[in-house]
Amino acid sequence: EAQVTQNPRYLITVTGKKLTVTCSQNMNHEYMSWYRQDPGLGLRQIYYSMNVEVTDKGDVPEGYKVSRKEKRNFPLILESPSPNQTSLYFCASSGQDSAYEQYFGPGTRLTVT
Amino acid sequence: GQNIDQPTEMTATEGAIVQINCTYQTSGFNGLFWYQQHAGEAPTFLSYNVLDGLEEKGRFSSFLSRSKGYSYLLLKELQMKDSASYLCAVRDGDSGYALNFGKGTSLLVTP
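Owing to the predicted nature of the structure, the values given are computational and were not obtained by experimental measurement.

Rules and cut-offs
Residues numbered from 1 in each chain as written. Chains lettered and ligands numbered in written order. Predicted model: local features only at pLDDT ≥ 70, side-chain atom pairs only at ≥ 80, totals over all residues. Heavy atoms only, no water. Helix = DSSP H or I, 4+ residues; strand = E, 2+ residues; numbered from the N terminus. Buried < 20%, exposed > 50% of the residue type's maximum accessible area, 1.4 Å probe, protein only. Contact = heavy atoms within 4.5 Å. Areas by Shrake-Rupley, 256 points an atom, 1.4 Å probe, with all protein chains shown as cover. Lys, Arg positive; Asp, Glu negative; His and termini not counted. Charge placed at Lys NZ, Arg CZ, Asp CG, Glu CD. Buried area = accessible area lost by both parts, 1.4 Å probe. Salt bridge = Lys/Arg side-chain N within 4 Å of Asp/Glu carboxyl O. Polar contact = N/O pair within 3.5 Å; in protein donor to acceptor, adjacent residues only side chain to side chain. Pairing = 2+ DSSP bridges. Axes fitted to C-alpha atoms, helices over the stretch in contact; angles between N-to-C directions. Core = buried A, V, L, I, M, F, W, Y, C linked by side-chain atoms within 4.5 Å.

### A word on the overall build of chain B
Next, step 1: Looking only at helices and strands, chain B features zero helices and eleven strands.
Next, step 2: Starting at the N terminus, the α and β elements of chain B follow one another as β-β-β-β-β-β-β-β-β-β-β.
Next, step 3: Structurally, chain B occupies a C-alpha span of about 45 × 30 × 20 Å along its principal axes.
Next, step 4: Expressed as a percentage of the 111 residues in chain B, the buried residues total 48%.
Next, step 5: Sequence-distant contacts in chain B: of pairs separated by 6 or more residues, those separated by 24 or more amount to 56%.
Next, step 6: When the accessible surface of chain B is totalled, it reaches about 5,300 Å², and 48% of it is carbon and sulfur.
Next, step 7: On chain B, the mean spot of the 8 positive side-chain charges and the mean spot of the 11 negative ones are 3 Å from each other.

Right, dumping it as structure tokens:
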């Protein structure tokens, strides 16, 4: 089954404790992206990757890092989480074979206290 | 950059028809998507328009006018399960795969 997976689905952590949210897709998609979604603000792009070892900032990259060492994986790293990073996070992927439709992971609800 | 505007909230009755509008401004239009998102869940793809006109898919249709920077999503025979947020997203030709999303329209279907 074609899918995008994220882990963990839910996470409560404390300020300053480094964390990683994993994202993996099995569709051989070139493009992967991270979004955060907050009430009243919609989906905002954090980082994206056009292919392996190619990443770039989206609209709200501050406080986040990413890496793309393999085509299927695109982890999101919060080196020192802060309460304003409490949000719902989505990973998405897209490829030429999907007419550029973006497939979304199930989401990760992060709470930073 | 892009400005994407859609109404914040709409209410409609079960069995009725509702039209959700989306206007956008972009420097290099290269496709418009509509997604459905139930609360706390991932967005799911509904439709894609790149040329002017109407695309129909079952109870859902999407229309695009590139000259007017305008699209709408039409939902017919509304069902209670259609209560969700509907996201309009535009792909800019200069940005490759990247999509810019509107803030979404929250649709409530009432009995």
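On we go.
### Some words on the interface of chain B and chain A
Next, step 1: The interface is formed by 16 residues belonging to chain B together with 24 residues belonging to chain A.
Next, step 2: Counting the surface lost from both chain B and chain A, the interface buries some 1,600 Å², and carbon and sulfur atoms represent 61% of this.
Next, step 3: Applying the counting rule to chain B against chain A returns zero salt bridges.
Next, step 4: Taken together, the connections running from chain B to chain A amount to two residue pairs in polar contact (both at pLDDT 80 or more).
Next, step 5: Those elements that provide at least two residues to the side of chain B that touches chain A are β4 (29–37), β9 (84–92) and β10 (99–101) of chain B.

### A short note on the sheet that holds strand β6 (residues 53–57) of chain B
Residue and element names in this part refer to chain B.
Next, step 1: The antiparallel open sheet is built from five strands, whose spatial order is β1-β3-β8-β7-β6. Where the open sheet ends on each side, the last strands, each with one partner, are β1 (3–5) and β6. Within this sheet the neighbouring strands show an average axis-to-axis angle of 15°, counted without direction.
Next, step 2: Bridge count for strand β3 (residues 18–25) against strand β8 (residues 70–75) is six bridges, and the pairing is antiparallel.

### Quick notes on the nonpolar core
The nonpolar side chains of soluble globular proteins are, as a tendency, buried together.
Next, step 1: Within the largest apolar cluster, 20 residues are counted, with the highest numbers of intra-cluster contacts made by L32, W34, L75, L78, Y86 and L107 of chain B.
Next, step 2: Counting residues per element, the ones that place at least two in this core are β3, β4, β7 (60–65), β8, β9 and β11 (105–110) of chain B.
Next, step 3: If we ignore the near neighbours within four places in the chain, the residues touching Y86 of chain B are Q6, I20, W34, Y35, Q36, L46, F60, L73, L75, G104, T105 and L107 of chain B.
Next, step 4: In terms of nonpolar packing, the next biggest core, distinct from the first, is built from 19 residues, M27, W34, Y47 and Y89 of chain A among them.

### Thoughts on the pattern of salt bridges
Residues and elements named next belong to chain A.
Next, step 1: Scanning all chains against the criterion turns up eight salt bridges over all chains.
Next, step 2: Measuring nitrogen to oxygen at the nearest pair gives 4.0 Å for the salt bridge that ties E30 to K71. Here E30, found in the loop between β3 (19–25) and β4 (31–38), pairs with K71, found in the loop between β7 (65–66) and β8 (76–78); they are 41 residues apart in sequence, far enough to count as distant.
Next, step 3: Several salt bridges share partner residues, and in doing so they unite K18, K65 and E79 into one network.

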